[in-house]
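# Chain and residue survey
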Amino acid sequence: MINTHYSYSPSDSQMISDPFGDNSAMHKDVNHLSISRGERIDAEIDWTKLKTLHVYDEMENKIMFTDIFKHQKTIIIFTRHFLDFVSKEYVEDIAIIPLEYTQNAGVRLVVIGPAHPKHIKAFKKLTGLSYSLFVDPEREVYKTLGCQDKIATAAVENSKHIKSGFVTGMLSSVWRAMTSGDKEFQGDIQQQGGAFIFGPGDVCHFSHIDQNAADHCPLNDILTRANVMNVSFPKDPRIEIV
């Protein structure tokens, strides 16, 4: 059971009397549905705008964002820039999730970054990721979903997925930037990430908007929300159910 709370701030023309039922009394606009946990509003979903936006694959093909979860429940994890050690170590843990876990639950898992498509192949190789990786270089999907665009301090030791300390992690990020072949920054340094469970269709089951680099949602929390078996990560060694 997903205990996500749905909260609304409707105008006079946006009143909704029953968001879960077949309600013929709905008024004009239901495209701005806020999803929160407790007092924290995480995302405001503008489905009309999302349906006009696309992401790219590594061949620079355009993929309509809402097509990703049109037919299947899908975990979508948005990362920070690809040179960030936090993004690297978080995605390395995503790569640990066995494909059969998501397949058995009938769930798709997708990662989206803010870099140029030409960086996808190298980042997948670096992190060992076998799941789909798309990019949103103009960050239009990020912005529409309410992902934060700011510099914020982060306590990396509190993360269940960051294995490096702040200093060693920053040094590794700088080294990768210096040794990068094209000397190009792979995303916006201010862009924070987030996690969502969408679909099938225009449904958001869960959302988490990162407030800083280390505020990413623990992966096992996301997997639990999607009814996917938990995984024993290096810093989150939960017992697997066989």
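How each quantity is defined
- Residues numbered from 1 in each chain as written.
- Predicted model: local features only at pLDDT ≥ 70, side-chain atom pairs only at ≥ 80, totals over all residues.
- Heavy atoms only, no water.
- 1 Å grid on protein atoms, 1.4 Å probe; cavity = no way out; pocket = protein on both sides within 12 Å on 5 of 7 lines; lining within 4 Å.
- Points joined across faces, edges and corners; volume = space filled by probe spheres on them.
- Helix = DSSP H or I, 4+ residues; strand = E, 2+ residues; numbered from the N terminus.
- Nonpolar A, V, L, I, M, F, W, Y, C, P; charged D, E, K, R; others polar.
- Buried < 20%, exposed > 50% of the residue type's maximum accessible area, 1.4 Å probe, protein only.

You'll find the chain entered in an unreviewed UniProt entry as Thioredoxin-like protein AAED1 isoform X2, with Biomphalaria pfeifferi given as the organism.

### Here we look at empty space enclosed by the protein
Considering all chains together, one arrives at one cavity of 30 Å³ or more under this definition. For the largest cavity, the calculated volume is near 60 Å³. Along its surface, the largest cavity is lined by Phe78, Thr79, Arg80, Val86, Ser87, Tyr90, Gly193, Asp210, Ala213 and His216. Ranked by residue count, the leading element in the lining of the largest cavity is helix 2 (residues 85–94), at three residues. A per-class count over the lining of the largest cavity returns four nonpolar, four polar and two charged.

### Things to note about unusual backbone geometry
Between glycine 199 and the following residue, proline 200, the backbone shows a cis peptide bond with an omega angle of -5 degrees. Following the sequence through the fold, proline 200 ends up in the loop between strand 9 (194–198) and strand 10 (204–209). Despite not being glycine, glutamate 60 shows a phi value in the positive range, around 65 degrees. Residue placement: glutamate 60 occurs in the loop between strand 4 (54–56) and strand 5 (62–64). For glutamate 60, a relative accessible area of 46% translates into the label partly exposed. Phi is positive for asparagine 227, close to 60 degrees, though the residue is something other than glycine. Relative to the elements of secondary structure, asparagine 227 occurs in the loop between helix 7 (219–225) and strand 11 (232–233). Judged by relative accessible area, asparagine 227 falls into the exposed class, the value being 57%.

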